[in-house]
There are 10 protein chains.
Amino acid sequence: MSTIRGSGPYAQELMREGKFRHVWRVVGDVSNVSIFDVDTHAELHDILQNLPLFPYMDVKVTPLAEHPRPAGDVRLRVLTAAVN
Amino acid sequence: MSTIRGSGPYAQELMREGKFRHVWRVVGDVSNVSIFDVDTHAELHDILQNLPLFPYMDVKVTPLAEHPRPAGDVRLRVLTAAVN
Amino acid sequence: MSTIRGSGPYAQELMREGKFRHVWRVVGDVSNVSIFDVDTHAELHDILQNLPLFPYMDVKVTPLAEHPRPAGDVRLRVLTAAVN
Amino acid sequence: MSTIRGSGPYAQELMREGKFRHVWRVVGDVSNVSIFDVDTHAELHDILQNLPLFPYMDVKVTPLAEHPRPAGDVRLRVLTAAVN
Amino acid sequence: MSTIRGSGPYAQELMREGKFRHVWRVVGDVSNVSIFDVDTHAELHDILQNLPLFPYMDVKVTPLAEHPRPAGDVRLRVLTAAVN
Amino acid sequence: MSTIRGSGPYAQELMREGKFRHVWRVVGDVSNVSIFDVDTHAELHDILQNLPLFPYMDVKVTPLAEHPRPAGDVRLRVLTAAVN
Amino acid sequence: MSTIRGSGPYAQELMREGKFRHVWRVVGDVSNVSIFDVDTHAELHDILQNLPLFPYMDVKVTPLAEHPRPAGDVRLRVLTAAVN
Amino acid sequence: MSTIRGSGPYAQELMREGKFRHVWRVVGDVSNVSIFDVDTHAELHDILQNLPLFPYMDVKVTPLAEHPRPAGDVRLRVLTAAVN
Amino acid sequence: MSTIRGSGPYAQELMREGKFRHVWRVVGDVSNVSIFDVDTHAELHDILQNLPLFPYMDVKVTPLAEHPRPAGDVRLRVLTAAVN
Amino acid sequence: MSTIRGSGPYAQELMREGKFRHVWRVVGDVSNVSIFDVDTHAELHDILQNLPLFPYMDVKVTPLAEHPRPAGDVRLRVLTAAVN
């Protein structure tokens, strides 16, 4: 199951807004590693809940934070990796 | 190990600021269930990293969000349960 | 599955009685973290068993106790976090 | 490690008071299955924390309740199995 | 699923015979902790297999032995906790 | 660690008495699969506890019973596989 | 599920040939511990695959070897415990 | 389920091309250990996704690299063991 | 332990070369989520093995591939997330 | 820990004899995937036990068999993957 394929326009809008920053597929598996950059946990929950395939997804959220050293100009506030 | 006992004044200050909302001890175990209410993941990481016993703690963060129904007047932005 | 949504009036009554103290949703997941404050284990079991969605819930009860330090005036007797 | 052997008089007192109801050893293992009958979670935590070997024990508490059918005259309030 | 409820008379007979010594319900869960006192493993297997709900039960047997210290007059031979 | 090597005479005596029925080594691992045939759980616990290396062993006991079909003349009462 | 019951004649033939050496039932569970003594892994795989209930079995093979000490006259080449 | 049997010609072509280097069956189980030698992760994902039974397979990919010592003339670039 | 802090110049060089694409810290934990973009598994192994703290790190490599849909101009060949 | 590096000549001899067929390193980890082709489990156990680093190795043996389809001329009898 590819949540992105099944939710094309919605995912693209999230990417344009900068809330959906990265997505990779896990090789040999029907799952993705996604990086979201949102303001609050509630916003992330709403984004995930609105995915058309959400009822069939097994999502695991790992709370992430910007790493202070390699940094640069990125100014993330709530950064979360959702593996589904 | 009780992170609160070892870090009394710091924890009390966090409680006064409303960032450290709840703490319960897990019965029969040397661990706590803590509820933090912070603006960003980075802020939570700094709070935890500043605990005197952090190097000896095994922290597991579960991202939480306000539940929309029983609601009321609480206006949380980033709510996170840190079990240590 | 949201046990609260499916059992609105019952949950609200438990909240008014002070037996159902807190509830948060786990981000990206169809589960909640709930804090109950009851007199006995039997009472907690009855409360959970009366939830309309109980037969479909996977409940994990973690026995909690009031933390002696940050305390204040809270006077809990049996405090239990039921994650469902 | 046998928590009972290392804490003889204390355990016997708890048994006389009816708070420490049963204890069995797990065959081939240095652990016990113990049944406690206490009023609150805090009381159980204090009992366990006062065991001389508590710092070296790995305790897992399973919250139990009286079973309504086979019943009889037992009138337990908070019944908890602490495996250590 | 309550194996006891579904097998009332059979369980009561086992209790009268002293083979089924204790039963507690696990709070928030449809499972029990049961203590059997039987002569052989084969006898325990027959008892469990005769439970009407056995085909639907997930039984985990933990071999127990009488604890030598708190002891008294109990004279158990094969004591087994079957959690179902 | 080989419990047998470190406890030669004791293991041989148990084998002569018919209490220690079989032993195999797990390939590539420092552990054995042992089959004991004893009268009670307490007897098995004593046997294991008397092994010179018991304090360093991680024993897992699986309760076994004679299989009724392929049978023959074996008349086991309490048969237990102790993997250490 | 008892693989032996469902495959009586086949299992008995394997026992007569000395390839199927032991079988015990796991108490309270619908599984067996079986000891096979075969020449090659391929032979063991064929034996297991020919069991009528193989498609419904969850087999875990633990590679075993004769233990050099308690020994005697047994001359096993490939000895494998198949738990199903 | 044997992914190879169900996808004979496709697997043979991959073997001729040198991308599918080895395959063993896990004894007593309906799974294989396969060694693939491909240029990129994307190529491996495409190969696996094209297997007729892919939707029913549970694939676990372990990233491997040529071992520098026993070496010889093998010149692998991306070597991956896919257990399905 | 922060592998990046302990290996500043080396990590920065890998970032300039485009081999070390992203790094986030896991909140409340002394671990990072890192995204590497390398040509071969051997190259990734060398990079990780050269980290000054490698002997003390517990690395888990998840093989990733570019997701075909949200695409763009990224042209990754071997993309691997190393969590340490 | 690299069992091969620490046991160079011994491993090379096993390779010449055809008993040690393949070895790959697991990327980012100090472990190998090795394929042994031996006559008996006892032989494999002896080989592993003679590795200089055996006391410090955590070996997991997965019993393998030749796959009947992609076949060819390989004529393995006991084929075992030892991951250490």
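Above this text is the structure in question.
None of the values given here were measured: they were computed from a predicted structure.

Criteria and thresholds
Residues numbered from 1 in each chain as written. Chains lettered and ligands numbered in written order. Predicted model: local features only at pLDDT ≥ 70, side-chain atom pairs only at ≥ 80, totals over all residues. Heavy atoms only, no water. Buried < 20%, exposed > 50% of the residue type's maximum accessible area, 1.4 Å probe, protein only. Helix = DSSP H or I, 4+ residues; strand = E, 2+ residues; numbered from the N terminus. Pairing = 2+ DSSP bridges. Salt bridge = Lys/Arg side-chain N within 4 Å of Asp/Glu carboxyl O. Phe/Tyr/Trp six-rings, centres within 6.5 Å; stacked < 30°, edge-to-face > 60°. Arc of directions from axis to C-beta.

A. Spotlight on the pairing of strand β1 (residues 20-26) of chain H. Of all seven residues in β1(H), six are buried, a share of seventy percent or more. In this sheet, strand β2 (residues 32-38) of chain H lies alongside β1(H) in antiparallel orientation, the contact comprising five bridges. Each bridged residue has a counterpart across the sheet, and for Phe20(H) the counterpart in β2(H) is Phe36(H). Linkage of β1(H) to β2(H), two consecutive antiparallel strands, is achieved through a turn of five residues, within which Gly28(H) is found at a positive phi near 80 degrees. In terms of strand pairing, β1(H) meets strand β3 (residues 60-66) of chain J through three bridges, oriented antiparallel. The residue of β3(J) that forms the bridge with Trp24(H) is Glu66(J).

B. Up close: the pattern of salt bridges. Residues and elements named next belong to chain A. Summed over all chains, the structure comprises 20 salt bridges over all chains. Across the pair Lys-19 and Glu-43 runs a salt bridge, and its minimum N-O distance is 2.7 Å. Note that Lys-19 is positioned in the loop between α1 (8-16) and β1 (20-26) and Glu-43 in helix α2 (residues 41-49), a separation of 24 residues in sequence.

C. Inspection of the pairing of strand β2 (residues 32-38) of chain C at higher detail. β2(C) sits mainly inside the fold: seven of its seven residues count as buried. A two-sided burial pattern is seen for β2(C), the buried positions comprising Asn32(C), Ser34(C), Phe36(C) and Val38(C) on one face and Val33(C), Ile35(C) and Asp37(C) on the other.

D. Expanded view of the packing of aromatic side chains. Residue and element names in this part refer to chain E. Taken as a whole and assessed by the stated rule, the structure comprises ten aromatic pairs over all chains. A centroid spacing of 4.9 Å and a plane angle of 15 degrees characterise the contact between Phe-20 and Phe-36, whose relative ring orientation is stacked. Within this pair, whereas Phe-20 is found in strand β1 (residues 20-26), its partner Phe-36 is found in strand β2 (residues 32-38), the two being separated by 16 residues in sequence.

E. The arrangement of helix α1 (residues 8-16) of chain C in detail. All names here are of chain C. All buried positions along α1 are accounted for by Gly-8, Ala-11 and Leu-14. All buried residues of α1 fall inside an arc of 130 degrees around its axis, so they share one side. Exposed and facing more than 90 degrees away from the buried side of α1 are Pro-9 and Arg-16. Immediately beyond the C-terminal end of α1, within one or two residues, lies Gly-18, with a positive phi of roughly 80 degrees.

F. Spatial organisation of the environment of Gln12(D). In this structure, Gln12(D) sits in helix α1 (residues 8-16). For the pair formed by Gln12(D) and Val59(D), sequence separation is 47 residues and the distance between their alpha carbons is 19 Å.

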